[in-house]
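Take a look at the letters that make up each chain.
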Amino acid sequence: MKILHISDTHFHAIANNDALLRRFTYIQSNYADHKIIITGDITDDGTKEQYAIVSRILKPFKGRLFFCPGNHDYGTLGSVYTDEAARRFDEFATVFNEGGFIDKVPLVFKMRTFRLSY
């Protein structure tokens, strides 16, 4: 089995994703027999619009994609975890993997209190 590893694509809803589209077109043309693992930060903020763009661009790869969420996939700017963004990631990943993806362990955790110690 051949595997291609990709990370930190940071798809945007407003910014131009043309460079990413070109890269995935190249991958489709040159690595058609590879499984693809995308580890983290598929989107920049985990918004519905960003996942719609990602879904459209990654559609040709369905059946050979595996995902692991990053902090940006679970909330705004990678620093604010939201259950809504985590659910969006799960829905997105399930569509592409027919129910499975690499460990559903969030990389960003809710924190009620935070204190630095030196």
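This structure is a prediction, so every number in the text was calculated from the model and none was measured.

What's the story with the environment of N16 in this structure? I'm lost.
On the secondary structure map, N16 appears in the loop between β1 (2-7) and α1 (18-30). A distance of 2.6 Å separates a polar atom in the side chain of N16 from the backbone nitrogen of D18.

Explain the pairing of strand β2 (residues 34-39) here, please?
A regular strand places its side chains so that they alternate between the two faces of the sheet. By the alternation rule, side chains of β2 split into H34, I36 and I38, which are all buried, and K35, I37 and T39, of which none is buried. Following the chain from β1 across α1 to the adjacent parallel β2, one finds a crossover that is right-handed. Of the strand pairs in this sheet, β2 and strand β3 (residues 65-68) are connected by 4 bridges, and their pairing is parallel. Directly across from I37, in β3, lies its bridge partner F66.

What am I meant to see in the pattern of salt bridges here?
Any two side chains of opposite charge can pair, given that their charged atoms come close. Overall, the coordinates contain 2 salt bridges when judged by the stated rule. D33 is the salt-bridge partner of K2, the closest N and O atoms lying 3.4 Å from each other. Pair noted here: K2 is in strand β1 and D33 is in the loop between α1 and β2, with a separation of 31 residues, a long-range link. Residues R88 and E84 are paired through a salt bridge, measuring 2.4 Å at the closest nitrogen-oxygen approach. You can see R88 and its partner E84 sitting in helix α3 (residues 83-97), 4 residues apart, about one turn around the helix. The exposure class assigned to R88 is buried, which follows from its relative accessible area of 19%. Of the residues examined, E84 reaches a relative accessible area of 46% and is grouped as partly exposed.

Hey, could you run me through α1 in this one?
One full turn of an α-helix is made of 3.6 residues, so residues set three or four places apart face in the same direction. Taking 1.5 Å of rise per residue, the 13 residues of α1 would be expected to cover 18 Å, and the 18 Å separating its terminal C-alpha atoms lies within 8% of that figure. For α1, the full list of buried residues reads L20, F24 and I27. What you see down the axis of α1 is that its buried residues fit within an arc of 55°, all on one side. Structural note: α1 exposes R22 and S29 on the side pointing more than 90 degrees away from its buried face. Looking at the buried residues of α1, the elements they touch are β1, β2 and α2 (48-58).

So, how was this worked out
- Residues numbered from 1 in each chain as written.
- Predicted model: local features only at pLDDT ≥ 70, side-chain atom pairs only at ≥ 80, totals over all residues.
- Heavy atoms only, no water.
- Helix = DSSP H or I, 4+ residues; strand = E, 2+ residues; numbered from the N terminus.
- Polar contact = N/O pair within 3.5 Å; in protein donor to acceptor, adjacent residues only side chain to side chain.
- Buried < 20%, exposed > 50% of the residue type's maximum accessible area, 1.4 Å probe, protein only.
- Right-handed = clockwise from strand over helix to strand, strands pointing away.
- Pairing = 2+ DSSP bridges.
- Salt bridge = Lys/Arg side-chain N within 4 Å of Asp/Glu carboxyl O.
- Expected span 1.5 Å × (residues − 1).
- Arc of directions from axis to C-beta.
- Contact = heavy atoms within 4.5 Å.

Scope: geometric values only; no functional claims are made or implied.
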